[in-house]
Amino acid sequence: TTTAPAVTTTVALSTPATPPSPAAVVPPGYESITTADGRVRSYRVSDLSNGKPAPLLFVLHGFGGNAQAMSSFTNNENSLNEYDLDAVVVYPSGTGAEQGLPQSWNAGTCCPFATFELVDDVAFFDELIASLISQYDIDTDRVWVVGHSNGGMMAYRLACELSTRVTAIGVAAGALVIDTCAPVRPVSALHAH
């Protein structure tokens, strides 16, 4: 009688991928801020303030977009220069790219993957606005957020939940996707759909 030799099975346990370093997340020419939840968030600033208090204008990309493409698409700086208007223009990036996913904003019920991961984008903007006010000559009565699609939805959420800072929003092809909206002060809105 022969017995079969013992078979040893080796199972390789995968380890989670090492999170990207901040340098991998932040494109060249962009700045970054590490939020209270430990996320490294990137943004690009165009300071067109001309040495006097200026509006702070955020320009938000849609789902799957990015700050770089939104900057090229909107061409805000050329328009501001053409009309001799001052502003500090900021192009922030949503989350997702650091994991190889489409970038998005957690506007409430939209959009993946920021909503799935419960990314606190309201806190991100609160922290970023405070940081920018400390670095640039910002007119805090003119903090504006414009966005397309998911970026427009995020603008609405900021108007509802961060009205202590945001004074006006512009929305293109977006919607209000949170259940309640109770700003503590009025926020002007322009909606194009």
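Bear in mind that the values here come from a model prediction, so they are computed numbers and not experimental data. (Residues numbered from 1 in each chain as written. Predicted model: local features only at pLDDT ≥ 70, side-chain atom pairs only at ≥ 80, totals over all residues. Heavy atoms only, no water.)

## Overview of unusual backbone geometry
Logical step 1: In this model, C110 is joined to C111 through a cis peptide bond whose omega is 10°.
Logical step 2: Counting through the fold element by element, C111 comes out in the loop between strand 4 (87-92) and helix 4 (121-135).
Logical step 3: Of note, the bond from P112 into F113 is cis; its omega dihedral lies within 30 degrees of zero at 5°.
Logical step 4: Mapping F113 onto the fold places it in the loop between strand 4 and helix 4.
Logical step 5: One non-glycine residue with positive phi stands out, namely N50, at about 55°.
Logical step 6: Topologically, N50 is positioned in the loop between strand 2 (40-48) and strand 3 (54-60).
Logical step 7: Given a relative accessible area of 57%, N50 falls into the exposed group.
Logical step 8: Phi is positive for D84, close to 55°, though the residue is something other than glycine.
Logical step 9: A residue is classified by how much of its surface remains accessible, and D84, at 65% relative accessible area, is exposed. (Helix = DSSP H or I, 4+ residues; strand = E, 2+ residues; numbered from the N terminus. Buried < 20%, exposed > 50% of the residue type's maximum accessible area, 1.4 Å probe, protein only.)

## What to know about helix 2 (residues 67-74)
Logical step 1: Buried within helix 2 are the following residues: A67, M70 and S71. The buried residues of helix 2 occupy one face: seen down the axis, they fall within an arc of 100°. Away from the buried face of helix 2 by more than 90 degrees, exposed residues S72 and F73 are located.
Logical step 2: Those residues of helix 2 that are buried are in contact with strand 2, strand 3, strand 4 and strand 5 (138-148).
Logical step 3: The opening residue of helix 2, the one whose side-chain oxygen lies 3.1 Å from the backbone nitrogen of Q68, is N66. (Arc of directions from axis to C-beta. Contact = heavy atoms within 4.5 Å. Polar contact = N/O pair within 3.5 Å; in protein donor to acceptor, adjacent residues only side chain to side chain.)

## Considering the packing of helix 4 against helix 5 (residues 150-161)
Any two packed helices are characterised by the angle at which their axes cross and by the distance between the axes.
Logical step 1: Between helix 4 and helix 5, whose axes approach to 10 Å, the crossing angle comes to 75°. In terms of orientation, helix 4 lies roughly perpendicular with respect to helix 5. Residues D121, V122 and F125 of helix 4 form the contact with helix 5, whose participating residues are M154, R157, L158 and E161.
Logical step 2: The class makeup of the residues in the contact of helix 4 with helix 5 is four nonpolar, no polar and three charged. (Axes fitted to C-alpha atoms, helices over the stretch in contact; angles between N-to-C directions. Parallel < 35°, antiparallel > 145°, perpendicular 65-115°, else oblique. Nonpolar A, V, L, I, M, F, W, Y, C, P; charged D, E, K, R; others polar.)

## Examining the packing of aromatic side chains
Logical step 1: Per the counting criterion, the structure on display carries four aromatic pairs.
Logical step 2: Ring geometry for F58 against F125: centres 5.4 Å apart, planes inclined by 85°, an arrangement best described as edge-to-face. Here F58, found in strand 3, pairs with F125, found in helix 4; they are 67 residues apart in sequence, far enough to count as distant.
Logical step 3: With relative accessibility at 0%, the residue F58 sits in the buried group. (Phe/Tyr/Trp six-rings, centres within 6.5 Å; stacked < 30°, edge-to-face > 60°.)

## Considering the state of the cysteines
Logical step 1: Scanning all chains against the criterion turns up two disulfides.
Logical step 2: Disulfide pairing is shown between C110 and C111; the S-S distance is 1.8 Å.
Logical step 3: Judged by its relative accessible area of 16%, C110 falls in the buried class.
Logical step 4: Between the sulfur atoms of C160 and its disulfide mate C181 the distance is 2.0 Å. Measuring the twist about the S-S bond at about -95°, one finds the C160-C181 disulfide to be left-handed. On the criterion of sequence distance, the pair formed by C160 in helix 5 and C181 in the loop between strand 6 (168-172) and strand 7 (188-192) is long-range, its members being 21 residues apart.
Logical step 5: Residue C160 is classed as buried on the basis of its relative accessible area, which comes to 6%.
Logical step 6: C181 gets classed as partly exposed once you look at its relative accessible area, which sits at 39%.
Logical step 7: Numbered by position along the chain, the disulfide-linked cysteines of the chain connect as 1-2, 3-4. (Disulfide = S-S within 2.5 Å.)

## A short note on the pairing of strand 4
Logical step 1: Among the six residues that make up strand 4, six are buried, leaving the element largely enclosed by the rest of the structure.
Logical step 2: Residues A87, V89 and Y91 line one face of strand 4 and the alternating positions V88, V90 and P92 line the opposite face, and both faces are buried.
Logical step 3: When strand 2 meets strand 4, the two strands line up antiparallel, connected through six bridges. Looking across to strand 4, one finds that R44 is bridged to Y91.
Logical step 4: Inspection of the sheet shows strand 3 paired to strand 4 by three bridges, in the parallel sense. Across the sheet, residue L56 finds its bridge partner in strand 4, namely V88. (Pairing = 2+ DSSP bridges.)

Just distances and angles here, no functional claims.
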